Amino acid sequence: MGLNGRLVITPLTDRIYLTITQALSMQLGGAPAGPAGTGKTETTKDLAKALGLLCMVTNCGEGMDFLAFGKILSGLCQCGAWGCFDEFNRIDISVLSVISTQLQCIRNALLLKADKFLFEGNMIIMDLKVGIFITMNPGYAGRTELPESVKALFRPVVCIVPDLEQICLIMLFSEGFLEAKVLAKKMTVLYKLAREQLSKQHHYDFGLRALKSVLTMAGQLKRNSPNLPENVVLMRALRSLT
Ligand SMILES: Nc1ncnc2c1ncn2[C@@H]1O[C@H](COP(=O)(O)OP(=O)(O)OP(=O)(O)O)[C@@H](O)[C@H]1O
Ligand SMILES: [Mg+2]
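Think of each chain on its own: its residues are numbered from 1, step by step along the sequence as written. Just so you know, chain letters begin at A and ligand numbers begin at 1, following the order they were written in. Given that the model is predicted, a residue must reach a pLDDT of at least 70 before its local features are reported, and side-chain atom pairs must reach 80 or more before they are shown or counted; all residues, however, enter totals for whole chains, interfaces and linings. Excluding hydrogens and water, the side-chain figures rest on all heavy atoms present in the structure.

Draft legend 1. Representation of the site of ligand 1. Nearness is defined per residue: one heavy atom within 4 Å of the molecule or strand is enough. Around ligand 1 sit 15 residues in total, of which Val 8, Lys 40, Thr 41, Glu 42 and Lys 212 are the nearest. In protein, a polar contact requires one atom able to donate a hydrogen and another able to accept it; more generally it is a pair of N or O atoms within 3.5 Å, and residues adjacent in sequence count only if both atoms are side-chain atoms. Separating a nitrogen atom of ligand 1 from a backbone N or O atom of Val 8 is a distance of 2.7 Å. Within the contact set of ligand 1, an oxygen atom lies 2.6 Å away from a side-chain nitrogen or oxygen of Thr 41. Method for areas: the Shrake-Rupley scheme with a 1.4 Å probe, in which residue coverage is limited to the protein chains shown. Look at ligand 1: alone it shows 640 Å² of surface, and the protein chains cover 89% of it. Strands here mean DSSP runs of E at least two residues long; helices mean DSSP runs of H or I at least four residues long; both are numbered from the N terminus. Listing elements by their share of the shell around ligand 1, those giving two or more residues are α2 (40–50) and α8 (208–224). Classifying every residue of the shell around ligand 1 by side-chain character gives five nonpolar, six polar and four charged. Domain delimitation follows an automatic or database domain assignment. Residue contributions to the shell around ligand 1 reach at least three from each of two domains, namely domain 1 (11–158) and domain 2 (164–241). In the scheme used here, Gly and all other residues not listed as nonpolar or charged are polar, with Ala, Val, Leu, Ile, Met, Phe, Trp, Tyr, Cys and Pro taken as nonpolar and Asp, Glu, Lys and Arg as charged.

As structure tokens, then:
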């Protein structure tokens, strides 16, 4: 995963951490669901990093079949890594029902604390650190409703609104802004207004992803011109990225 920095721990990240770790203690997977850019994928990766585990993110699509999925699962079990399957509900419903059998098979081995088990016709070793997570945007076009057999194997976490102001505040502080508190408030209000009042075209993005790139950019500008007033630095970053 490389050195990708740290996430800001907000009440939402905390909730995802707690639900996921609880799910693992019950030998279940975790299923964060919610709109784009709320931190579902990143939070799962961040928790894996905090626990010192490898986390492989796979983007799922219509073309994925149960053989490919089974191969990934078998690899994860053998090396004790976490798998985060993004956009899991894009997979075809007929494939999902086979996948649920594969997942159930892994869960049985976990429940028995087996060190070897039969998976897809092969006897493979089992590293009990394995964890399986799926993230989804429910209700988007072209997504399937998960079958009950899959739902039962995952604990759901709902991520709707990220704590923008807190993320903004802490990131600005970490970039060295002394007036972070005022600036974070102004910036989140600006983004909120822009999101609500401008037309809903897909090239407009006032979500967490866009906000974060402005903050990183502001940090760079601040280091290059330490004598400028902080609000001017932030304004420049905003203007150059929006
Ligand atoms: N708590 C946080 N602190 C700092 N940055 C965050 C936090 N949560 C999310 N982000 C940032 O927000 C961006 C979007 O997060 P992420 O990719 O996890 O979204 P997602 O919910 O998986 O979206 P999608 O449904 O589009 O895949 C990333 O750049 C991530 O670094
Ligand atoms: Mg994602």
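From this point, things continue past the structure.
Draft legend 2. Up close: the domain arrangement of the protein chain. With domains assigned, the protein chain is organised as domain 1 (11–158) and domain 2 (164–241). Between domain 1 and domain 2, the C-alpha centre-to-centre distance is 34 Å.

Draft legend 3. Up close: the packing of aromatic side chains. Any pair of Phe, Tyr and Trp rings, taking the six-membered ring for Trp, is counted once the centres come within 6.5 Å. Such a pair is stacked with planes under 30 degrees apart, edge-to-face with planes over 60 apart, and tilted for the rest. This structure, assessed with the given rule, holds seven aromatic pairs. The interplanar angle of 50° and the centroid separation of 6.5 Å between the aromatic rings of Phe 88 and Phe 154 together place this pair among those described as tilted. One end of the pair, Phe 88, is in the loop between β3 (82–86) and α4 (93–111); the other, Phe 154, is in strand β7 (residues 154–158), and 66 residues separate them in sequence. Only protein chains enter the calculation, and the probe is 1.4 Å; a residue is then buried if its accessible area is under 20% of its type maximum, exposed if over 50%, and partly exposed in between. Among the residues examined, Phe 154 registers a relative accessible area of 7% and is labelled buried. Centre to centre, the rings of Phe 117 and Phe 119 are 5.9 Å apart; their planes meet at 50°, and the pair counts as tilted.

Draft legend 4. Structural context of the environment of Gly 207. Inspection of the secondary structure puts Gly 207 in the loop between α7 (180–197) and α8. Between the C-alpha atom of Gly 207 and that of Leu 164, which follows or precedes it by 43 residues, the distance is 8.8 Å. Beyond its immediate stretch of four places on either side in the chain, Gly 207 contacts Tyr 191 and Arg 195. The contact rule is simple, with two residues in contact once any of their heavy atoms fall within 4.5 Å.

Draft legend 5. Just the pattern of salt bridges, in detail. Note on definitions: salt bridges are taken to be side-chain nitrogens of Lys or Arg within 4 Å of carboxyl oxygens of Asp or Glu. One pass over the structure, following the stated rule, counts eight salt bridges. Across the salt bridge formed by Lys 151 and Glu 148, the nearest N and O atoms sit 3.6 Å from each other. Taken as a pair, Lys 151 and Glu 148 lie in helix α5 (residues 148–151) at a separation of three residues, close to a single helical turn. When its relative accessible area of 33% is taken as the criterion, Lys 151 is described as partly exposed. One continuous salt-bridge network, built from bridges that share partners, spans Glu 145, Glu 148 and Lys 151.

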